[in-house]
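Take a look at the letters that make up each chain.
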Amino acid sequence: GFNAGSTFKLFTLVDWLEKGRSLNENLNGRLRPVPNMKNSCYGDWINGGGTIINNFGSDPGYYGTPLTFTKNSLNTGYLTMASQLDLCDIAKVAKKLGVTRGDGTDIEMRVANNVIGDDNVSPIAMAGAYATVANGGTHCQPKVIDKVTDSDGAERPIPDRQCTPGTLTPEVASTAAYALQGVMTGGGPGQAAIPFDGTPLMGKTGTHEGWNTWMIESSTNVTTAVWVGNWDGTANLFGKYWNGQQLSDMRYSIAEEAQRAADEFYGGDAFPGPASNLIRTIQKDLPNVVGKTLDEARSTLQGAGFSVSIGSPVDSELGGDRVAAQNPGAGSAPAGSTITLS
């Protein structure tokens, strides 16, 4: 198998939704030491050394939601999501969606790097996992052999494969597909692989250390998984070209042509909408910071899950070094919303 990169984030996304969490919860996705992570199978992962895992392109991260973290493939956002879940449960999602390591052993999810795809997996298994989402939650074993004929042209039996309805609930499958559609629209990183034939698509990109690149995309009927990289060695695909195309971009042109052919023969429908309870806006208690110093106020509000902006000064008896007003006022507000301090 090959290092999955960010295509592996699917399993954290699914576990997040299966736990009833919303795509619109606001989380701290800024670059910082990776939070500790629960693991009920092998013991918790503790970041005793203050390890920092970077984002692609040195992105400093941001306060955002699982919906935006998915579209932008933000490592720091997904590490925060995983820190509020159980690594063991994420591994169980991968298993039930048919993904093992390339050597057939189970995914174990022992460390933080596993969240962002440093395990070796096969493209056909990843195609099967994404197809489960596109298929409304029914997982079917990928079919390796399409047809076998003998020397006289007569068809011979092919291996049976099993389908398992209810591997994911329809609500989780449709909401995961909703998040993954953002990768293929509105400037998402998967747009370079769109055949522009009118077929609705969801998808996910993946990159591992510059030497493994992925593009997985799917209609409601067919999933295409493309890996381009080093089968041996660690040559960087970025900054190297063949016929004028950067090697790291070859995944897009291959996936585009494959999906175009699939769309032509099999078509595809609109994906069902997300479950309303899984895209709900989360309200959080908003503390009163009037009278605090600016640093104290900022720390208090960010710790409670809000962003902070500084407004124009106002007249106050508190003095120039204290918060005189906040908008909105104390009470409750949508998680992650911006609180203006004067």
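Residues numbered from 1 in each chain as written. Predicted model: local features only at pLDDT ≥ 70, side-chain atom pairs only at ≥ 80, totals over all residues. Heavy atoms only, no water.

1. As for the overall build of the chain
To be explicit about the condition: Going along the chain from the N terminus, every DSSP run of H or I of four or more residues is numbered as a helix, and every run of E of two or more is numbered as a strand. When accessible area is computed with a 1.4 Å probe and restricted to protein chains, residues below 20% of their type maximum are described as buried, those above 50% as exposed, and intermediate ones as partly exposed. Should any heavy atoms of two residues lie within 4.5 Å, those residues are considered in contact. Accessible surface area values rest on a Shrake-Rupley calculation with a 1.4 Å probe, where residue burial reflects the displayed protein chains alone. Lys and Arg are tallied as positive, Asp and Glu as negative. Neither His nor the chain termini are counted. Charge positions are represented by NZ for Lys, CZ for Arg, CG for Asp and CD for Glu.
Helix and strand counts for the chain stand at eight helices and 18 strands. Overall, the C-alpha framework of the chain stretches about 95 × 45 × 40 Å when taken along its three principal axes. For the chain, the proportion of its 342 residues judged to be buried stands at 44%. Sequence-distant contacts, at least 24 apart, represent 68% of the contacts inside the chain between residues at least 6 apart. Accessible surface, the chain: about 16,100 Å² in total, of which carbon and sulfur atoms supply 49%. For the chain, the distance from the average position of its 25 positive side-chain charges to the average position of its 34 negative side-chain charges is 4 Å.

2. Let's talk about the pattern of salt bridges
Spelled out, the test is: Salt bridge criterion: a side-chain nitrogen from Lys or Arg within 4 Å of a carboxyl oxygen from Asp or Glu.
Taken as a whole, this structure holds 12 salt bridges when the rule is applied. Put simply, Glu-25 and Arg-21 hold a salt bridge, and the shortest N to O gap is 2.9 Å. Judged on exposure class, the residue Glu-25 and its partner Arg-21 are both buried. Close ionic contact of Arg-298 with Asp-295 constitutes a salt bridge, the shortest N to O distance being 3.7 Å. One end of the pair, Arg-298, and the other, Asp-295, are both in helix α8 (residues 294–303), three residues apart, so they sit about a helical turn from each other. Here Arg-298 falls in the partly exposed class, since its relative accessible area comes to 27%. Bridged by salt links that share partners, the residues Arg-101, Glu-108, Arg-110 and Asp-119 form one connected network.

3. Describing the side chain of Thr-132
Locating Thr-132 in the fold gives a position in helix α5 (residues 123–134). Once residues within four sequence positions are removed from consideration, Thr-132 is found in contact with Leu-97, Gly-137, Thr-138, His-139, Thr-167 and Leu-168.

4. Comments concerning empty space enclosed by the protein
Sizing a probe to match a water molecule and rolling it over the atoms shows the empty space that remains. Just so we agree on the cut-off: In this analysis, the protein atoms alone were mapped onto a 1 Å grid. Cavities are point sets where a 1.4 Å probe fits without being able to get out; pockets are open sets with protein on both sides within 12 Å along at least five of seven lines; lining residues have an atom within 4 Å of a point. Grid points are joined across faces, edges and corners, and a volume is the space filled by probe spheres set on the points. When residues are sorted by character, Ala, Val, Leu, Ile, Met, Phe, Trp, Tyr, Cys and Pro go into the nonpolar class, Asp, Glu, Lys and Arg into the charged class, and all the rest, Gly among them, into the polar class.
Inspection of the entire model under this criterion finds one cavity of 30 Å³ or more. By volume, the largest cavity amounts to about 50 Å³. If you trace the largest cavity, you find it lined by Arg-30, Arg-32, Pro-33, Val-34, Pro-35, Ile-53, Thr-76, Leu-79 and Thr-80. For the lining of the largest cavity, the class distribution of residues is five nonpolar, two polar and two charged.

5. Comments concerning helix α3 (residues 75–83)
Across the nine residues of α3, eight count as buried, placing the element largely inside the fold. Looking at α3, one finds that the buried residues are Asn-75, Thr-76, Gly-77, Tyr-78, Leu-79, Thr-80, Met-81 and Ala-82. Contacts from the buried residues of α3 go to α1 (9–18), β2 (27–30), β3 (61–64), α2 (66–72) and α4 (87–96).

6. Some points on the sheet that holds strand β11 (residues 223–229)
Going by this rule: Any two strands are treated as partners once DSSP identifies two or more bridges connecting them. All axes here are fitted lines through C-alpha atoms, helices being fitted over the stretch that makes contact, and every angle between N-to-C directions spans 0 to 180 degrees.
Within the open sheet, the three strands sit side by side as β9-β10-β11. Their pairing is antiparallel. On the outer flanks of this sheet lie β9 (202–208) and β11, each paired with one strand and no other. Put simply, the sheet's adjacent strands are angled 10° from each other on average, direction ignored. The pairing of strand β10 (residues 212–218) with β11 spans seven bridges and is classified as antiparallel. Considered in β11, the bridge of Glu-217 is made with Thr-224. Contacts from helix α7 (residues 250–266) reach β9, β10 and β11 within the one sheet, and its direction differs from that of β11 by about 155°.

7. Quick look at the sheet that holds strand β15 (residues 307–310)
Taken together, the three strands give an open sheet; going across it, the order is β15-β18-β16, and neighbouring strands pair in mixed fashion. Edge positions in the sheet fall to β15 and β16 (326–327), since each has one partner strand and no second. The sheet contact formed by β15 and strand β18 (residues 338–341) spans four bridges and is parallel. The residue of β18 that forms the bridge with Ser-309 is Thr-340. Here α8 sits on the sheet and contacts β15 and β18; the angle it forms with β15, its principal contact strand, is near 150°.

8. Examining the side chain of Asn-26
Mapped onto the elements, Asn-26 comes out in the loop between α1 and β2. Filtering out sequence-adjacent residues up to four positions away, Asn-26 remains in contact with Tyr-63, Gly-64, Thr-65, Gly-305, Ala-335 and Gly-336.

9. Re the packing of aromatic side chains
The cut-off we apply is this: The rule is short: rings of Phe, Tyr and Trp, with Trp giving its six-membered ring, pair when the centres are within 6.5 Å, and they are stacked under 30 degrees, edge-to-face over 60, tilted in between. Look at NZ for Lys and CZ for Arg. If either is within 6 Å of the ring centre and within 35 degrees of the ring normal, a charge sits over the ring.
Applying the stated criterion across every chain yields a total of four aromatic pairs. Where Phe-2 meets Trp-227, the ring centres are 3.6 Å apart and the plane angle is 10°; that geometry is what we call stacked. Of this pair, Phe-2 sits in strand β1 (residues 2–3) while Trp-227 sits in strand β11; the two residues are 225 residues apart in sequence, bridging distant segments of the chain. With respect to class, Phe-2 is no different from Trp-227; both count as buried. When the ring of Phe-8 is compared with that of Phe-11, the centres are 4.8 Å apart and the planes differ by 75°; the resulting orientation is edge-to-face. Accessibility assignment for this pair places Phe-8 and Phe-11 in one class, buried. Between the NZ or CZ atom of Arg-110 and the centre of the ring of Tyr-42, over which it lies, the distance is 3.8 Å.

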